[in-house]
Amino acid sequence: MAHRNIPIFIPHMGCPNQCVFCNQRSISECRSFDRAQVRVQIEQCLATIPATDDVEIAFFGGSFTGIDRDLMIGLLEIAQDYVRQGRVGAIRLSTRPDYISEEILSILSRYSVRVIELGLQSMDERVLLASKRGHTAQDSERACRMILQAGFGLVGQMMIGLPASTPESELATAQKICDMGAEAVRIYPTVVFYDTPLCEMVKNGSYVPLNQSDAVARSAAVLRIFVARGVPCIRLGLCATETLTSPQAVMAGPNHPALGELVWNAVWYGVLRERVEQRGFCGEEIILRVPAREISRIVGQKRCNIDRLERETGTRVKKIVGEKELQEILPEAADTNKDAQEEKPPCI
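The text that follows walks through the structure, step by step, so that each part is easy to find. What you see is a predicted model; the values in this text were computed from it and never measured.

The next subject is the sheet that holds strand S2 (residues 55-60). With parallel pairing, the seven strands of this open sheet are ordered in space as S1-S2-S3-S4-S5-S6-S8. Either end of the sheet is taken by a strand with one partner, and the two such strands are strand S1 (4-9) and strand S8 (233-236). Geometrically, the sheet is characterised by an average inter-axis angle of 20° between neighbouring strands, direction not taken into account. As judged from the six bridges shared by strand S4 (residues 113-121) and strand S5 (residues 153-160), these two strands associate in the parallel manner. Bridge pairing in S5 places Val115 opposite Gly153.

Put into structure tokens, the structure is as follows:
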């Protein structure tokens, strides 16, 4: 059964400052917080999903460990009630690196908190400063180390295309997140929301928002690092909702509703292109043997990857075969394919 979160959004609560990109009230669609509604929201979600250990109550949106202590503990108590009843398996929360301390971790350890998600965004000091994050890369390293030492799971959140960020600094951030022990990651290409400092930076020309093509390419580059390091990406791009995609909320940036699929398409195209070139198949007719569960991403939306591969390499794809047992694209002899007995084009 797939993991499910019951999200409880606490926009801006606990944040000591506003980062240039942040308008959590737009991002979470939650413009105020009513503690009395927490149980109502949880019950509404539980009415649509079965009780299981794979369900977690997740406090997202603000910096959960920075809110008023009584409120934080009260929310943890509510979530813990559902754990005791066996209706959810654990608690998850998101926060900032500079709001992790021994005291905080001691409080969290009294409850069934399984995972702490850290908004790292970048491990480049210049990017953190330009984005007005209010903490350093050293703060991030310290927080990750403390979280893991306390026995919690760690999820890193990073952003693509922040002010002062470069493709190289993003690749370095991805490597560092892996090095710091993250068990999963979320990747967010920067979207410019109205009512943010970043919006003003666009207007005065001090920041150029990512276009969709650059966002896809740069996200795909860091995603390949996480794939290679065995760190799953549990979210790529903001959730596609009516509010997020409306002109009233977003000024600029790559807010495509299927951005994650576009990035995965780009990742798989890179793999296909490399295999063709490495095996010397340019200009030849080939059979693609690919993991069945990834076939739609490999082919790409409207067959874009196959068309591009044929256009750019001269390779002709005779057939695409999805195989359940195949874990990755592996070069194999053509005669392993029963349908290729006469022409025997090479397979990848």
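On to the pairing of strand S6 (residues 184-189), then. With six of six residues buried, S6 lies mostly within the body of the structure. Covered by surrounding structure in S6 are Ala184, Arg186 and Tyr188 together with Val185, Ile187 and Pro189, the residues of both alternating faces. As for the winding sense of the linkage, the β-α-β connection from S5 through helix H7 (residues 167-179) to S6 is right-handed. One ladder, built from three bridges, connects S6 with S8; its direction is parallel. Residue pairing across strands places Arg186 opposite Arg235, the latter belonging to S8.

This part covers the pairing of S5. Across the eight residues of S5, eight count as buried, placing the element largely inside the fold. Where burial is concerned, the two faces of S5 agree: the one with Gly153, Val155, Gln157 and Met159 and the one with Leu154, Gly156, Met158 and Ile160 are both buried.

What counts and what doesn't
Residues numbered from 1 in each chain as written. Predicted model: local features only at pLDDT ≥ 70, side-chain atom pairs only at ≥ 80, totals over all residues. Heavy atoms only, no water. Pairing = 2+ DSSP bridges. Helix = DSSP H or I, 4+ residues; strand = E, 2+ residues; numbered from the N terminus. Axes fitted to C-alpha atoms, helices over the stretch in contact; angles between N-to-C directions. Buried < 20%, exposed > 50% of the residue type's maximum accessible area, 1.4 Å probe, protein only. Right-handed = clockwise from strand over helix to strand, strands pointing away.

Any link to function would need more than the numbers given here.
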